[in-house]
Amino acid sequence: METEGQEGMEDNTRNLLVKIKQPWVLSVIFAAAIPLFPEYFAPLLAVASLMGACYDSGSLHDLKVGTLGKLMLVYIAYTAIGLLYTPNFLSTLATVTMWMTMFMVYLSITTVLKDSRRFDTALIIISAFFGITGLIGCVQYMLRISLGLKVPFQFWSFIDYPVFELIKLELKPAVERVSSTFNNPNIFSEALIMALPLVAYSSFFGKNNKYHLPCRFCLMFIAAGIAFSFSRGSYLALIAIALVFCLTNMKKIIFVLLTLISGLFLVPETVMERLFSISTGDQSISERFAIWLSSTSFIKSNPVFGIGAGVKNTWNLLLQKGIDAPHMHNLALQLLTEGGIIALVIFIIAGWKVFRSGFALIYKKPEKRGTGVLLIAMVLGFAVNGFFDFPLMTPKLVGIFFMVTAVCDSILTINLGQKQSPVQNVLRLQKQIIHVSDERVAYTNYQKSNKI
C-alpha cells in the first residue's frame, strides 16, 4: 500500500512538472514572479516571459495586442515624443525605455491566455506569487514586532545596496514599515492592490474548486501585507475592492459581513491607529497637500503636452517649491504634469473601457458575473490607490500593471469577443503616428521661435 501511495505521488509530481514545462505556463510564471525579485530583475523576467509566449505561439509575429494594449502603445509613443522637449532628456529616455521593456509582459500574457482554462490557471499562478510576496511582509512584521529581531524590512537589501552603490544610484534608507521584496512600503502595497482583485476572483469564482482554499490563504497574506505596509491610501483601496465584491454578491452579504467583522478583531491595534490617523493630519498628509497645491502651477504652464515623462522632471519641479518628493503622490496629477491632458485622457479611456465592460458582463452575461466584478474591482482599487500615490513609477510596478492590463484584455477577448491584432500591424500604425506627431511638434517649436 505504501509503495502504491508513493507511486501515486511520483505520478502527480511528474504530471505537475510536465504542465509547468509548457511554454505558456513558463511565460505566466516569469511574469508573475516579477514582484518576488529585485527591481533590476524585472526586465529580465519580462524578456523570459516573452520568449515563453513566442515558443507557445510559434512566432514573434503571432504576438497579439488588444484594445487596452493599443491604448498603452499610444501612450508609450506619445511619451517618446516628449524626448523632443523634456528638460531632462535622460530621465525621459529611461522612462520610455522602462515602459517599452515592460510592455513585453503585456504581449506575453495577452498572447498565451487564449481560453478560460488558461485564464483560470494563470490567475492561480499569479495568486501564488503575490501570496508569497505578502507572506514575506507578514513574516518581517511578526519577527520584528513579536520577537524583536532586527530583520530588514527590505527583503533584498543585502543585494540591493551593493548593486545600487555599484551603479552610483542612491538608495534611501528603509523606514520602519514593511516593504517585503520591494524598496518602499508604499510601492509594496501598490503592487498588492493591483493583484488583489485577481486573487479574490480565484478564491471565490475560479472554476477549479480545489484551489479556492489555497487562493484564500494567498488573499489573506496579501491583505495582511497591505495592512503591515501601513500605507493608508492602500487601506482605502483595499476597502473599496472589498465593497465591490460585497455589493455585487448580495446573496452572500451576511456571510461576507460576518467574515469582515471577524477579520477586524484580528487586525493589530497599530494598523487601526494608522488608518484613523488620516483625520488627524501628520507630516505625510501635509506634504501631500503641499504637493497637490504646487502641481497646479506646473500643469497650468504646460496643460496639453506636459513637461515630459520621468520622475526627475517632477522631482526638480517640486524641489523648486522646497518639497523633496519624486512625484505628485497622485496618478492624475502626475500624468497631467508629465504628459498633459493627452496622457490623462488615454488612461481615462482605458479605465472607462474596463469599467463599462465589467458592467456589461454582470448584466448581459450572468454566468460571467464574477469576471465582471473582477474588472470593476480592479479599476476602482487602482483609482483609489492612485489618488494618494503614483503606482507606475518603477519597472516592477509597470510590469505588474501591464500584467493586470493583459488579464483585462484577455477577459474582453474570451468573454466579449473583442478582436486582437498582430503586434506588427499595431507597431506599423504607431510609427506613422509618431512621424506625424514629430512634424507637428517641430512646427509648433518653429512657430514659438519665430514669435520670440
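What this report covers is the structure whose coordinates are included nearby. (Residues numbered from 1 in each chain as written. Predicted model: local features only at pLDDT ≥ 70, side-chain atom pairs only at ≥ 80, totals over all residues. Heavy atoms only, no water.)

## Looking at the overall build of the chain
Here comes step 1: Along the backbone of the chain there are 18 helices and 2 strands.
Here comes step 2: Evaluated residue by residue, the chain yields a buried proportion of 50% over its 452 residues.
Here comes step 3: Long-range pairs, those at least 24 residues apart, make up 77% of the contacts in the chain between residues at least 6 apart in sequence. (Helix = DSSP H or I, 4+ residues; strand = E, 2+ residues; numbered from the N terminus. Buried < 20%, exposed > 50% of the residue type's maximum accessible area, 1.4 Å probe, protein only. Contact = heavy atoms within 4.5 Å.)

## Looking at the side chain of Asp 389
Here comes step 1: Locating Asp 389 in the fold gives a position in the loop between α16 (369-388) and α17 (395-416).
Here comes step 2: Among the polar contacts made by the side chain of Asp 389, one reaches the side chain of Arg 288 at a distance of 3.2 Å.
Here comes step 3: With near-sequence residues (within four places) excluded, Asp 389 lies in contact with Asn 186, Glu 190, Ser 231, Arg 288, His 327, His 329, Asn 330 and Leu 331. (Polar contact = N/O pair within 3.5 Å; in protein donor to acceptor, adjacent residues only side chain to side chain.)

## Thoughts on empty space enclosed by the protein
Rolled over the atoms, a probe with the dimensions of a water molecule shows which regions are left empty.
Here comes step 1: Counted by the stated rule, this structure contains 2 cavities of 30 Å³ or more.
Here comes step 2: In this structure, the largest cavity encloses a volume near 60 Å³.
Here comes step 3: Together, Tyr 75, Tyr 78, Thr 79, Gly 82, Tyr 85, Gly 308, Ala 309, Glu 338, Gly 339 and Ala 343 line the largest cavity.
Here comes step 4: Taken together, the residues of the lining of the largest cavity break down into 5 nonpolar, 4 polar and 1 charged.
Here comes step 5: Reported here for the second largest cavity is a volume of approximately 40 Å³. (1 Å grid on protein atoms, 1.4 Å probe; cavity = no way out; pocket = protein on both sides within 12 Å on 5 of 7 lines; lining within 4 Å. Points joined across faces, edges and corners; volume = space filled by probe spheres on them. Nonpolar A, V, L, I, M, F, W, Y, C, P; charged D, E, K, R; others polar.)

## Examining the pattern of salt bridges
Here comes step 1: By the definition in use, this model includes 3 salt bridges.
Here comes step 2: Asp 56 is the partner of Lys 114 in a salt bridge, and the nearest nitrogen-oxygen pair spans 3.8 Å. Highlighted residues: Lys 114 in the loop between α5 (89-112) and α6 (116-145) and Asp 56 in helix α3 (residues 42-57), separated in sequence by 58 residues.
Here comes step 3: By relative accessible area, Lys 114 is classed as exposed at 51%.
Here comes step 4: We note a salt bridge from Arg 288 to Asp 389, for which the minimum N-O separation is 3.2 Å. Taken together, the residues Arg 288 in helix α13 (residues 283-301) and Asp 389 in the loop between α16 and α17 connect sequence positions 101 residues apart. Per residue, the accessibility class of Arg 288 equals that of Asp 389, and both read buried.
Here comes step 5: Three or more residues are tied together by salt bridges with common partners; here these are Asp 56, Lys 114 and Arg 118. (Salt bridge = Lys/Arg side-chain N within 4 Å of Asp/Glu carboxyl O.)

## Focus: the side chain of Ser 231
Here comes step 1: Relative to the helices and strands, Ser 231 is located in the loop between α9 (212-229) and α10 (232-247).
Here comes step 2: Given a relative accessible area of 2%, Ser 231 falls into the buried group.
Here comes step 3: Side chain to side chain, Ser 231 and Asn 186 meet in a polar contact 3.3 Å long.
Here comes step 4: Setting aside residues no more than four positions away along its own chain, Ser 231 makes contact with Arg 177, Asn 186, Ser 189, Ile 226 and Asp 389.

## Re the environment of Gly 69
Here comes step 1: Mapping Gly 69 onto the fold places it in helix α4 (residues 67-81).
Here comes step 2: The class for Gly 69 is buried, based on a relative accessible area of 0%.
Here comes step 3: Along the backbone, Gly 69 and Cys 408 are 339 residues apart, and their C-alpha atoms lie at a distance of 9.9 Å.

## Section: α10
Here comes step 1: Taking 1.5 Å per residue as the helical rise, α10 with its 16 residues ought to reach 22 Å, and the 23 Å between its terminal C-alpha atoms agrees with that figure.
Here comes step 2: Among the residues of α10, Arg 232, Gly 233, Ser 234, Tyr 235, Ala 237, Ala 240, Ile 241, Val 244, Phe 245 and Cys 246 are the ones counted as buried. (Expected span 1.5 Å × (residues − 1).)

## A look at the nonpolar core
Here comes step 1: If you look at the biggest cluster of nonpolar residues, it comprises 114 residues, and the most contacted ones within it are Met 72, Trp 99 and Phe 402.
Here comes step 2: The residues touching Met 72, leaving out its near neighbours within four places in the chain, are Trp 99, Phe 103, Ile 346, Phe 347, Ala 350, Phe 401 and Phe 402. (Core = buried A, V, L, I, M, F, W, Y, C linked by side-chain atoms within 4.5 Å.)

## Some remarks on the packing of aromatic side chains
Here comes step 1: Taken as a whole and assessed by the stated rule, the structure comprises 27 aromatic pairs.
Here comes step 2: Ring geometry for Tyr 141 and Phe 228: centres 4.0 Å apart, planes at 10°, overall stacked. Remark: Phe 228 occurs in helix α9 and Tyr 141 occurs in helix α6; sequence separation between them is 87 residues. Both residues of the pair, Tyr 141 and Phe 228, belong to the buried class. (Phe/Tyr/Trp six-rings, centres within 6.5 Å; stacked < 30°, edge-to-face > 60°.)

## A closer look at a nonpolar patch on the surface
Here comes step 1: Together, Val 304, Phe 305, Ile 341, Ile 342, Val 345 and Ile 349 make up a nonpolar patch on the protein surface, roughly 460 Å² of accessible area in all.
Here comes step 2: Inspection of the secondary structure assignment puts Ile 349 in helix α15 (residues 331-364).
Here comes step 3: Since its relative accessible area comes to 43%, Ile 349 is described here as partly exposed. (Patch = residues over 30% accessible without salt bridge, like charges linked within 9 Å, V, L, I, M, F, W, Y side chains within 5 Å. Areas by Shrake-Rupley, 256 points an atom, 1.4 Å probe, with all protein chains shown as cover.)

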